[in-house]
Amino acid sequence: MTSSKVVLLSVVLSVAASALTTALLTPSNDRVRSSQQTVESHAVASPGEWLPVGAEPNAEAIAQLQDKVRGIEQRLAAAGSAPPARTREAALQDLLAITQGERQLAIEDLFKELSALGNDAVPDIVAILKSGRDQDYGGGFSIGGGKVQGYPRLRTVLIDVLRQIGTPEAQQGLVTALRGTEDVRDYRDLLLLYSRTTDEIMVKGISAMIPDLLRNEQAKSEEHAYVMGYATEWIRRHGMKDTTDLLEGIARENLSSGRVDRGTFATLIEFSPERAFALTREQYAKEGDRAFLKAASSMNMGRRDLSLAQVARYTELLLSLEPSASTRMTIYGMTPSRLCEKIDSKEARVADGRVLLEFLRKRLREETDEVPKRVLADHITQLEQALQQ
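So, how was this worked out
Residues numbered from 1 in each chain as written. Predicted model: local features only at pLDDT ≥ 70, side-chain atom pairs only at ≥ 80, totals over all residues. Heavy atoms only, no water. Axes fitted to C-alpha atoms, helices over the stretch in contact; angles between N-to-C directions. Helix = DSSP H or I, 4+ residues; strand = E, 2+ residues; numbered from the N terminus. Parallel < 35°, antiparallel > 145°, perpendicular 65-115°, else oblique. Contact = heavy atoms within 4.5 Å. Phe/Tyr/Trp six-rings, centres within 6.5 Å; stacked < 30°, edge-to-face > 60°. Buried < 20%, exposed > 50% of the residue type's maximum accessible area, 1.4 Å probe, protein only. Lys, Arg positive; Asp, Glu negative; His and termini not counted. Salt bridge = Lys/Arg side-chain N within 4 Å of Asp/Glu carboxyl O. Arc of directions from axis to C-beta.

Now for the packing of helix 8 (residues 168–178) against helix 10 (residues 200–214). Two elements in contact, helix 8 and helix 10, have axes whose closest approach is 10 Å; the angle formed by their N-to-C orientations is 5 degrees. With respect to helix 10, the element helix 8 is oriented roughly parallel. Contacts between helix 8 and helix 10 involve Pro168, Gln171, Gln172, Leu174, Val175 and Leu178 on the former and, on the latter, Ile201, Met202, Gly205 and Met209.

Counting across every chain of the model gives two aromatic pairs. Centre to centre, the rings of Phe111 and Tyr151 are 5.6 Å apart; their planes meet at 40 degrees, and the pair counts as tilted. Linking Phe111 in helix 5 (residues 104–117) with Tyr151 in the loop between strand 2 (147–150) and helix 7 (154–165), this pair joins segments that are 40 residues apart in sequence. Taking relative accessible area as the criterion, Phe111 reaches 12% and is therefore assigned buried.

Generally, phi is negative for residues other than glycine and the peptide bonds are trans, each holding for most cases. Positioned with a positive phi, Glu322 is a non-glycine residue whose angle comes to about 55 degrees. Locating Glu322 in the fold gives a position in the loop between helix 16 (308–319) and helix 17 (325–333).

Turning next to the side chain of Asp352. In this fold, Asp352 is placed in helix 18 (residues 346–366). Although Asp352 is buried, it makes no salt bridge; Arg349 carries the closest opposite charge, 8.7 Å away. Setting aside residues up to four positions removed in sequence, Asp352 forms contacts with Ser307, Leu308, Ala309, Cys340 and Ile343.

To continue, consider the pattern of salt bridges. For side chains of opposite charge, pairing can occur when their charged atoms come near one another. Under the defined criterion, the tally for this structure stands at 25 salt bridges. For Glu89, the salt bridge is made with Arg88, and the minimal N-O distance between the two is 3.8 Å. On the basis of relative accessibility, which here comes to 41%, the residue Glu89 falls in the partly exposed class. When its relative accessible area of 30% is taken as the criterion, Arg88 is described as partly exposed.

This brings us to helix 6 (residues 122–131). All of the buried residues along helix 6 are Val122, Ile125, Val126, Ile128 and Leu129. Angularly, the buried residues of helix 6 cover 160 degrees about the axis, an arc narrow enough to put them on a single face. Exposed positions of helix 6 whose direction lies more than 90 degrees from the buried face are Pro123, Lys130 and Ser131. The secondary structure elements touched by the buried residues of helix 6 are helix 4 (88–96), helix 7 and helix 8. Following helix 6 by one or two positions, Gly132 has its phi on the positive side, about 85 degrees.

Right under this line is the structure:
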């Protein structure tokens, strides 16, 4: 029984008790008159009215009170209950009928309704995704704290419904439905919604789709360029093996088109400094020192999750081509001065950082130009401080 029902029943019983007490304490003559008044009152009162205060209760009056309380309880229960759930077909039809992106509250309500259906909704949602059906709601993709802030299209809603259901059937259905998709936004949704997942089904399923993304027909679009950044982050976070060729292909495409994709080149450096250098040398043959500047910009050596030992190896190879003093200054300026945060052990982080520190000290002894030398000395000082913390 809810708190409101308890309070109401207490009041009613209190009134009944008060009436009984009054009746018992009333003198006999008064009680007779009171009984007569009660009889007269009942002669005109309807069955649903309250028992008059001060009247002597009888079996009929108590029964009426009990019926009244039960009726109120039933109304309270009905008021607090949810409306009957609709079928999955009805919920899906209502969602498919929405064409106005501003109706985000209606979209969210249907999202919750479909998610609550669990596995019962999975086959129909998978079938819609396989069909390629979509509805553009306008706006961009926004996610925070693992929750979508606004849905830009129908397929994003359906993908997120399967994510919220979260059963093996929902996960396998999602992977099956989107494998081989030509819509680059499907990759975007998967990579963002599952960016930090550790679920084996989703890690394997999405990882198997990554190579398809490079060969996607929308490879030259701006949307594709952003999604490739998410793919690179996925490769890095989940430690995908045998991806060096893929990373090099992405990096080559970005360098050729002039796009700046710092994540891809940094990941290539970490996976294979030698392959990253070979690509830079290839670009150097075409563009001269300008290739160094593009490589330095793309690799973003200030990242906190890049192995400093791998940075040292790549930089050593890069400087072996004897770039100009101004280019060397740029390279030194991009050298990280903070330890790699993705290395859990403090001892291992320090050991990783010392490899770069020793290399930079060696370069300082060999550097002859004063301006690059000052930049290099400044970075050495910052790295020394980071190692002492």
